[in-house]
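The residues making up each chain are set out below.
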Amino acid sequence: MTPFDIGLIMTGVLLLLVIIGVRVAFAAAFVGIVGMIAIFSMRLGFERGFLTAAKMAGTIPHSKSVTYALSVLPTFILIGFLAYYAGLTKQLFEASKRWLGWLPGGLAIGTVFATAGFAAVSGASTATSAVFARVAIPEMLEAGYSKRLAAAVVAAGGTLASLIPPSAILVIYAILVEESVGKLLMAGFLPGVVSVIIYAAIIYFIAAWQGGAPAIGTYSWKQRFESVPGTFPIIGVILIIFCSLYFGFATPTEAGACGAFVVLLTAFYKGMRTKQLFLALHETAKLTVMIFTLIWGVLVYVRFLGFAGLPDAFREFIVALDYPPMMIIVCILLGYAVLGMFMDAIGMLVLTLPVVFPAIMALNGGLDVSAADSTLGMSGAACAIWFGIIVVKMAELCLITPPIGLNCFVVSGVRPDIPVQEVFRGATPFFVADVLTVAVLVAFPAIITFLPSLM
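We now turn to the structure provided with this report. Computed from a predicted model, the values in this text were never measured in an experiment. (Residues numbered from 1 in each chain as written. Predicted model: local features only at pLDDT ≥ 70, side-chain atom pairs only at ≥ 80, totals over all residues. Heavy atoms only, no water.)

## Examining the overall build of the protein
Looking only at helices and strands, the protein has 24 helices and 0 strands in total. Its C-alpha atoms give the protein a radius of gyration of 22 Å, near enough to 23 Å, the size a compact globule of 455 residues would have. Once the C-alpha set of the protein is aligned to its principal axes, its extents read approximately 75 × 50 × 45 Å. Relative to its 455 residues, the protein shows a buried fraction of 54%. Considering only residue pairs separated by 6 or more positions, the protein has 77% of its internal contacts joining residues 24 or more positions apart. For the protein, the exposed area adds up to about 18900 Å²; of that, 70% sits on carbon and sulfur atoms. (Helix = DSSP H or I, 4+ residues; strand = E, 2+ residues; numbered from the N terminus. Rg over C-alpha atoms; globule rule 2.2 N^0.38 Å. Buried < 20%, exposed > 50% of the residue type's maximum accessible area, 1.4 Å probe, protein only. Contact = heavy atoms within 4.5 Å. Areas by Shrake-Rupley, 256 points an atom, 1.4 Å probe, with all protein chains shown as cover.)

Shown next as structure tokens:
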């Protein structure tokens, strides 16, 4: 048996463990360790092979925890929880309601814009959905919206946190493929705007065609402008992060820390108590530890894949295919859509990228290829950023598709009166909207690569 055969067998075991419900972090770590033991035992004997594999796996948590790029995750996550406990989400939603509520489906459209604003200070999709399930759904139901549409809008709006910076999943992608965190975060801004516009258009046409989403009473201009100051803290954080990254004033970690400090001061100004601060810190710590554990487990598996030779084999297979490169990429994206029905977004990316990313880069001509010599018309660096945004957008699909659909479960959990099946049914138009967004981003890659190219 060759290392390649062991790689295939253990990857099959990993998929089986994930399907039966084992956490991705633990399943990946187990498969990685067992796989390395098997490979090293073939070369060195069982005793030496076991010790070598154990030592190699044991060094990963420390060596990867001290990576500076990872320090950005806690700061971005903390911003979101502080903003929630400071009550900034209610003020953001109120402003969106007053400015957009007069449109057909305006309350739902306002919810999308409010979730986008909150996504710009929170890197967690599930947190965004949970927050607005409490804030927006009661108002929509009171205005006469159907439960299905109200819940689906919140579930879909929460996915925007995956794309709009600061995004935890974009940071994880950058770490896994060793790309610039700052450029990837900037690259997500315009695609996030495109997603918001397409979501709003879908809601408008649903309201105009099917009804069930009436416009609410018109607010005066005075009332509208009175709601604007409540959004200043969030706008300030957005400007701090955006300008710091764009102009190079600070690293992503420093920008995140500055943003967290601004939200913390705002929270204290608005009367946040010690208990609420503790809850924000506790939730941040829990989510951070979960992400770090996932990264540790998967990186053990990635190390095993390298010894088994699977990434190289898959790369050679993809490059040798006698099909147009764009057709191959579309097929890979379809594979992500199917895989996303059975795995969460982060788990799906961390398990597939070590194999898929090298293949995509090879398909384009390599990491160092120029735009003129590339297959897809992008340099190696631009292609890495473009593919990152595309694949993260595909990962958003799994947040609103059955049977996993984490955002849908979160909304249903916060609102037990709305069955999760209703949330999934209501999210179908937003799934179509996400597919349309992906098509636009594939057809016009400059939407993704424009801002990073200016840095």
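Back to the write-up after that little detour.
## Looking at the nonpolar core
Grouped together as the largest cluster of nonpolar side chains are 164 residues, with contacts concentrated most on Leu73, Ile291, Phe304, Tyr336, Trp386 and Phe387. Ignoring anything within four residues of it in the chain, the contact list for Ile291 reads Leu73, Ile77, Ala168, Ile172 and Ile346. (Core = buried A, V, L, I, M, F, W, Y, C linked by side-chain atoms within 4.5 Å.)

## A look at helix H23 (residues 428–443)
With 16 residues, H23 extends 23 Å from end C-alpha to end C-alpha; this agrees with the ideal 22 Å at 1.5 Å per step. Taken as a whole, H23 has its buried residues at Phe430, Ala433, Asp434, Thr437, Val438, Leu441 and Val442. Structurally, H23 contributes buried residues whose contacts are with helix H9 (147–158), helix H12 (189–210), helix H18 (325–339), helix H20 (380–397), helix H22 (420–426) and helix H24 (446–453). (Expected span 1.5 Å × (residues − 1).)

## Regarding helix H16 (residues 274–308)
Here H16 contains 35 residues, and its C-alpha end-to-end distance of 51 Å stays within 8% of the 51 Å for a straight helix at 1.5 Å per residue. Positive phi appears at Gly309, one or two residues downstream of H16, with a value of about 80 degrees.

## Description of the packing of H9 against helix H21 (residues 406–414)
Relative to each other, H9 and H21 sit at 135 degrees, their axes nearing to 9 Å. By the angle between their axes, H9 is oblique relative to H21. Between H9 and H21 lies a crossing whose hand is right-handed. The residues of H21 that touch H9, namely those facing Ala151, Val154, Ala155 and Gly158, are Asn407, Cys408 and Val411. Taken together, the residues of the contact of H9 with H21 break down into 5 nonpolar, 2 polar and no charged. (Axes fitted to C-alpha atoms, helices over the stretch in contact; angles between N-to-C directions. Parallel < 35°, antiparallel > 145°, perpendicular 65-115°, else oblique. Left-handed = near helix turned anticlockwise from the far one by under 90°. Nonpolar A, V, L, I, M, F, W, Y, C, P; charged D, E, K, R; others polar.)

## Notes on the environment of Asp5
With respect to the helices and strands, Asp5 occurs in helix H1 (residues 3–19). We classify Asp5 as partly exposed; its relative accessible area is 30%. Along the chain, Asp5 and Ile400 lie 395 residues apart, while their C-alpha atoms are 36 Å from each other.

## With respect to the side chain of Arg415
Here Arg415 is to be found in the loop between H21 and H22. Residues contacting Arg415, with those up to four places away along its chain left out, are Ala133, Ile137, Pro138 and Leu141.

## Considerations on the packing of aromatic side chains
Here the structure, examined in full by the defined rule, presents 14 aromatic pairs. Taking the centre distance of 6.3 Å and the plane angle of 45 degrees together, the rings of Tyr301 and Phe304 count as tilted. Residue Tyr301 and its partner Phe304 are both found in helix H16; the two are separated by 3 residues, about one turn of the helix. Taken together, the aromatic side chains of Trp99, Trp221 and Phe225 make up a single cluster linked through ring pairs. Looking at Arg224, its charged tip hangs above the ring of Trp99, at a distance of 5.9 Å from the centre. Against the face of Trp221 rests Arg224, its NZ or CZ located 4.6 Å from the ring centre. (Phe/Tyr/Trp six-rings, centres within 6.5 Å; stacked < 30°, edge-to-face > 60°. Lys NZ or Arg CZ within 6 Å of the ring centre and 35° of its normal.)

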